[in-house]
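Inside the fold
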Amino acid sequence: DNAMVVDNVDIDAMLPDRAAMAGFDTTLLGDASLSRRPMGRITRPLRARGALIEGAIDPVRRDETAPLVIRGLTNGKRLFASEESLAVPSAQVKSCLLLSGLFADGETSVREPTLSRDHTERMLLAMGAPLRTMGPVSQLDPRGWDGVLSPLDLDVQVPDGLAARLSLRGHA
């Protein structure tokens, strides 16, 4: 297994979907605080889409937590199309689902009861992803898309530690 130590943003939104499509097995680890955070809100919809993902079970919360073990899909398999209605607005869950939609065999639709932050949608649109937003609904349909995201040239001020991690991820 490939083990990765992740932070709160990574484990919710940015990594589980991509790890599922990597074609190899990955374990996402977290610190003590992160290992108590409920992950079912992302593991259940990803699993319903065909991702092979399992978390540790917290017996008190009865929910999955880190570490998350993700078996990469192989042989050209893709995640299933999905339509999700979130019970509570969550930019992290929405981002995870939309990013997983880049690797789906059909449309991914996410409806929120009210709008949450839309940084991922803005980024995906700027990079040329096949995304439409209409109020609290975001739809991403990769069918007919060439699968290429255009790079962005951004100047973002972040703490040194985060900048180093982002730089390493960009070259991994």
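Above this text you will find the structure in question.
Anyway, here's the lowdown on the structure attached to this text.

What counts as what
- Residues numbered from 1 in each chain as written.
- Predicted model: local features only at pLDDT ≥ 70, side-chain atom pairs only at ≥ 80, totals over all residues.
- Heavy atoms only, no water.
- Helix = DSSP H or I, 4+ residues; strand = E, 2+ residues; numbered from the N terminus.
- Buried < 20%, exposed > 50% of the residue type's maximum accessible area, 1.4 Å probe, protein only.
- Polar contact = N/O pair within 3.5 Å; in protein donor to acceptor, adjacent residues only side chain to side chain.
- Contact = heavy atoms within 4.5 Å.
- Axes fitted to C-alpha atoms, helices over the stretch in contact; angles between N-to-C directions.
- Parallel < 35°, antiparallel > 145°, perpendicular 65-115°, else oblique.
- Left-handed = near helix turned anticlockwise from the far one by under 90°.
- Nonpolar A, V, L, I, M, F, W, Y, C, P; charged D, E, K, R; others polar.
- Core = buried A, V, L, I, M, F, W, Y, C linked by side-chain atoms within 4.5 Å.
- Salt bridge = Lys/Arg side-chain N within 4 Å of Asp/Glu carboxyl O.
- Pairing = 2+ DSSP bridges.

Brief notes about the side chain of Glu-64
Relative to the elements of secondary structure, Glu-64 occurs in strand E4 (residues 63-71). By relative accessible area, Glu-64 is classed as buried at 9%. Side chain to side chain, Glu-64 and Arg-47 meet in a polar contact 2.8 Å long. Leave out the neighbours within four places in its chain, and Glu-64 touches Arg-37, Pro-38, Met-39, Gly-40, Thr-43, Arg-47, Ile-53, Glu-54, Gly-55, Ala-56 and Ile-57.

Remarks on the environment of Asp-63
Take Asp-63: it is sitting in strand E4. With 24 residues separating them along the chain, Asp-63 and Met-39 place their C-alpha atoms 6.9 Å apart. In this structure, Asp-63 is in contact with Pro-38, Met-39, Gly-40, Arg-44, Ala-56, Ile-57 and Asp-58, ignoring residues within four places of it in sequence.

As for the packing of helix H3 (residues 40-48) against helix H4 (residues 91-101)
It is at 10 Å that the axes of H3 and H4 come closest, and there the two elements cross at 25 degrees. Our classification of the angle between H3 and H4 gives roughly parallel. H4 is crossed by H3, and the crossing has right-handed handedness. When H3 is examined against H4, the residues Arg-41, Ile-42, Pro-45 and Leu-46 are found in contact with a partner set consisting of Gln-92, Val-93, Cys-96, Leu-97 and Ser-100. Here the contact of H3 with H4 is composed, by residue class, of six nonpolar, two polar and one charged.

What to know about the side chain of Ser-109
Along the polypeptide, Ser-109 turns up in strand E6 (residues 108-111). Judged by relative accessible area, Ser-109 falls into the buried class, the value being 9%. Beyond its immediate sequence surroundings of up to four residues, Ser-109 is in contact with Ser-82, Glu-83, Glu-84, Val-137, Ser-138 and Gln-139.

What to know about the nonpolar core
Across soluble globular proteins, you tend to see nonpolar side chains buried next to one another. Among the nonpolar cores identified, the biggest contains 24 residues, and Ile-42, Ile-53, Leu-68, Leu-98, Leu-102, Leu-124 and Leu-140 are the most heavily contacted of them. For this core, the elements supplying multiple residues, two or more each, are H3, E4 and H4. With five residues, H4 is the largest single contributor of residues to this core. When near neighbours in sequence (up to four residues on either side) are disregarded, Leu-124 contacts Leu-98, Leu-99, Leu-102, Ala-129, Leu-131 and Leu-140.

Focus: the pattern of salt bridges
Applying the stated criterion across every chain yields a total of eight salt bridges. With its nearest N and O atoms 3.5 Å apart, the salt bridge here joins Arg-44 to Asp-63. With Arg-44 in helix H3 and Asp-63 in strand E4, this residue pair connects regions lying 19 residues apart in the sequence. We classify Arg-44 as partly exposed; its relative accessible area is 48%. Put simply, Asp-118 and Arg-122 hold a salt bridge, and the shortest N to O gap is 2.9 Å. Linked through salt bridges whose partners overlap, the residues forming this network are Lys-94, Glu-112 and Glu-121.

Digging into the sheet that holds E6
Read across the open sheet, the four strands follow the order E5-E6-E8-E7; overall the sheet is mixed. Both edges of this open sheet fall to strand E5 (82-85) and strand E7 (131-134), since each of them pairs with a single strand only. The mean angle between the axes of side-by-side strands here comes to 10 degrees, regardless of whether they run parallel or antiparallel. Both E7 and strand E8 (residues 137-140) contribute to a ladder of four bridges, which runs antiparallel. If you follow Arg-132 over to E8, its bridge partner there is Gln-139. Against the sheet, H4 engages E5, E6, E7 and E8, with an angle of about 165 degrees to E6. Seen against the sheet, helix H5 (residues 119-126) touches E7 and E8 and runs at an angle of roughly 140 degrees to E7.

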